[in-house]
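Here is how the chains run, residue by residue.
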Amino acid sequence: MAYAMDTRCIHGEGHGNPDQNHAISYPIYQTASFSHLTPGHNPNGFDYSRESNPTRAYLEETLSSLEGAYDTIAFSSGMAAISTAFEYFQPGDHIICGEDLYGGAVRLIEQVCRKNGYEVEFADTTDPALLKAALKKNTKAIYFETPTNPMMRITDIGAVAELAHQAGALTIVDNTFMTPYFQNPLKEGADIVVHSGTKYLAGHNDTVCGFLCSGNAELADRFRLLSKTTGATLGPFESWLCLRGLKTLALRMERHKSNAEAVSQWLREQNMVSRVYYAGSGMISFTVTTPEKAVAILKNIRLITFAESLGGTESLLTYPAVQTHPDVPEEQREKLGITDTLLRLSVGIENPDDIIADLRQAFENAGK
Ligand SMILES: *Cc1c(COP(=O)(O)O)cnc(C)c1O
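As the structure is a prediction and not an experimental result, all values here were calculated from the model.

Caption draft 1: Fine view of the site of the ligand. Residues in close proximity to the ligand total 14 residues, the closest being Met-79, Asp-174, Ser-196, Thr-198 and Lys-199. For the ligand, an oxygen atom lies 2.9 Å from a polar atom in the backbone of Gly-78. One nitrogen or oxygen atom from the side chain of Ser-196 is found 2.8 Å from an oxygen atom belonging to the ligand. For the ligand, whose accessible area on its own is 380 Å², the fraction buried by protein is 92%. The cavity that encloses the ligand is the second largest pocket.

Caption draft 2: Structural detail: the sheet that holds strand S8 (residues 273-278). Strand order in the open sheet formed by five strands is S8-S9-S12-S11-S10, and the pairing between neighbours is mixed. The open sheet has two edge strands with one neighbour each: S8 and strand S10 (305-306). Alignment of strand S11 (residues 316-318) against strand S12 (residues 342-346), held across three bridges, turns out to be antiparallel. Residue pairing for S12: Leu-317 is matched across the bridge by Leu-345.

Caption draft 3: Quick look at the side chain of His-195. Structurally, His-195 can be placed in strand S6 (residues 192-196). Within the structure, the side chain of His-195 is placed 3.5 Å from the backbone oxygen of Asn-175, a separation counted as a polar contact.

Caption draft 4: Inspection of helix H9 (residues 236-247) at higher detail. Counted at 1.5 Å a residue, the expected span for H9 with its 12 residues is 16 Å, and the 17 Å between its end C-alpha atoms agrees. Every buried residue belonging to H9 is among Pro-236, Ser-239, Trp-240, Leu-241, Cys-242, Leu-243, Gly-245 and Leu-246, and all of these are buried. Summarising the contacts, the buried residues of H9 are in contact with helix H1 (5-11), helix H2 (54-67), strand S7 (210-214) and helix H10 (249-268).

Caption draft 5: Seen up close, the packing of aromatic side chains. For the coordinates displayed, the defined rule picks out 11 aromatic pairs. Relative to Trp-240, the ring of Phe-237 has its centre 6.3 Å away and its plane inclined at 15°; by these criteria the two rings are stacked. Pair noted here: Phe-237 and Trp-240 are both in helix H9, with a separation of three residues, about one helical turn. A relative accessible area of 38% means that Phe-237 is categorised as partly exposed. Clustering of aromatic rings is evident, with ring pairs tying together Tyr-88, Phe-89, Tyr-118 and Phe-223.

Caption draft 6: Summary view of the layout of surface pockets. The computed volume of the largest pocket comes to approximately 400 Å³. As for the largest pocket, its lining consists of 16 residues, and the residues nearest its centre are Tyr-26, Tyr-29, Asn-44, Phe-46 and Pro-54. When its volume is computed, the second largest pocket comes out at roughly 310 Å³. Every residue lining the second largest pocket is counted, 20 residues in all, and those nearest its centre are Tyr-102, Ser-196, Thr-198, Lys-199 and Leu-310.

Caption draft 7: Inspection of the pairing of S8 at higher detail. The sheet contact formed by S8 and strand S9 (residues 283-288) spans five bridges and is antiparallel. Looking at the pairing, Arg-275 lines up with Thr-287 of S9.

Caption draft 8: Inspection of the pattern of salt bridges at higher detail. The final tally for this structure, using the stated rule, is 11 salt bridges. Taking the shortest distance from any N to any O, the salt bridge between Arg-224 and Asp-71 comes out at 2.9 Å. Placement of Arg-224 in helix H8 (residues 217-230) and of Asp-71 in strand S1 (residues 71-75) is noted, with a sequence separation of 153 residues between them. Here the salt bridges do not stand alone but share partners, grouping Arg-56, Glu-60, Asp-71 and Arg-224 into one network.

Caption draft 9: Spotlight on the domain arrangement of the protein. Structurally, the protein comprises domain 1 (5-247) and domain 2 (250-366). Each of domain 1 and domain 2 has a C-alpha centre, and these two points are 27 Å apart. Each partner contributes residues to the interface: domain 1 has 31 residues there, and domain 2 has 34 residues. Summed over both sides, the interface between domain 1 and domain 2 buries roughly 2,700 Å², with carbon and sulfur atoms accounting for 60% of that surface. Where domain 1 meets domain 2, there are one salt bridge. Between the two partners, domain 1 and domain 2, sit 14 residue pairs in polar contact (both at pLDDT 80 or more). Along the lines of polarity and charge, the residues of the side of domain 1 that touches domain 2 split into 17 nonpolar, eight polar and six charged.

Conventions we followed
Residues numbered from 1 in each chain as written. Predicted model: local features only at pLDDT ≥ 70, side-chain atom pairs only at ≥ 80, totals over all residues. Heavy atoms only, no water. Near = heavy atom within 4 Å. Polar contact = N/O pair within 3.5 Å; in protein donor to acceptor, adjacent residues only side chain to side chain. Areas by Shrake-Rupley, 256 points an atom, 1.4 Å probe, with all protein chains shown as cover. 1 Å grid on protein atoms, 1.4 Å probe; cavity = no way out; pocket = protein on both sides within 12 Å on 5 of 7 lines; lining within 4 Å. Sits in = over half its atoms within 2 Å of the grid points. Pairing = 2+ DSSP bridges. Helix = DSSP H or I, 4+ residues; strand = E, 2+ residues; numbered from the N terminus. Expected span 1.5 Å × (residues − 1). Buried < 20%, exposed > 50% of the residue type's maximum accessible area, 1.4 Å probe, protein only. Contact = heavy atoms within 4.5 Å. Phe/Tyr/Trp six-rings, centres within 6.5 Å; stacked < 30°, edge-to-face > 60°. Points joined across faces, edges and corners; volume = space filled by probe spheres on them. Salt bridge = Lys/Arg side-chain N within 4 Å of Asp/Glu carboxyl O. Domains from an automatic or database assignment. Buried area = accessible area lost by both parts, 1.4 Å probe. Nonpolar A, V, L, I, M, F, W, Y, C, P; charged D, E, K, R; others polar.

In structure tokens:
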């Protein structure tokens, strides 16, 4: 019987100890190249670390196990994984993107994909009827996040995958916010999952990495070729840091979630807060009554850090309109609700009372 998710975070599929010297912590194979026995023959299949490396391979196997993927490739960042996913397409292909995406993904689409001749269109993936209307003969993919960043809007992955498959298009899901611990898009019918591993997967605000998980052999072959050719694969040390982070994913996600539930409850009771957006996991967005108050809160937090990024042990507060989403056109930001009164909180795994106490004093000071 397959191990449970929390066990697989530590042992992967659990094919016994994978290291030839039986090290408990899988070693960092800090090497660029590998010796060959005879021409064309390398016993363990490793030639050169851009293409493959044992530490990265073990991390990739672990992630495949967690996402239920046929194959996973670890990249040097989430954006490297997403860029490689978009390399799959040809000039003239139509790609539908969720309209509320990570700002860097929007920049990739606007400034790189269009140059490559893709026809890219943003649509509301939360509404299957609208999505159906956006499908065209040349639609090759539907790409979205659920919940979205930062507005926490939810898309039904299974419903989108069904529409996409009928149209002969791929479903690509950015699963950064939920992680495989809370959501497995491939099991709901998606074809490809991408991750910013920088966030919950590595989990300690100390590593930048990304993943591309393929649901079948054909996709996996193409992405193996693309990743070894374009070359943005993950180094051995970062692979090891991410493996170490993953071991506690289950514990961390439970704590992120229970902390975020407590904090979102507290936020809902504050006069200074007009709306709270919370969809599970450890992420909360909220609006305050004025832009001045938003800036004053950012200035007054002490335990929580005013910084970009999310998903680590430390609580971080972000100002999306300025920090993560400046590349989204202002009109689109207004439409989505990414205004100058919106703050995004990545609730860390500190004691929840300390997080709430810090917010309380920052709110009090901001109200003065
Ligand atoms: C951070 C993030 C990315 C980009 O990942 P990097 O590791 O920073 O390159 C993509 N998608 C989402 C949802 C993110 O939060």
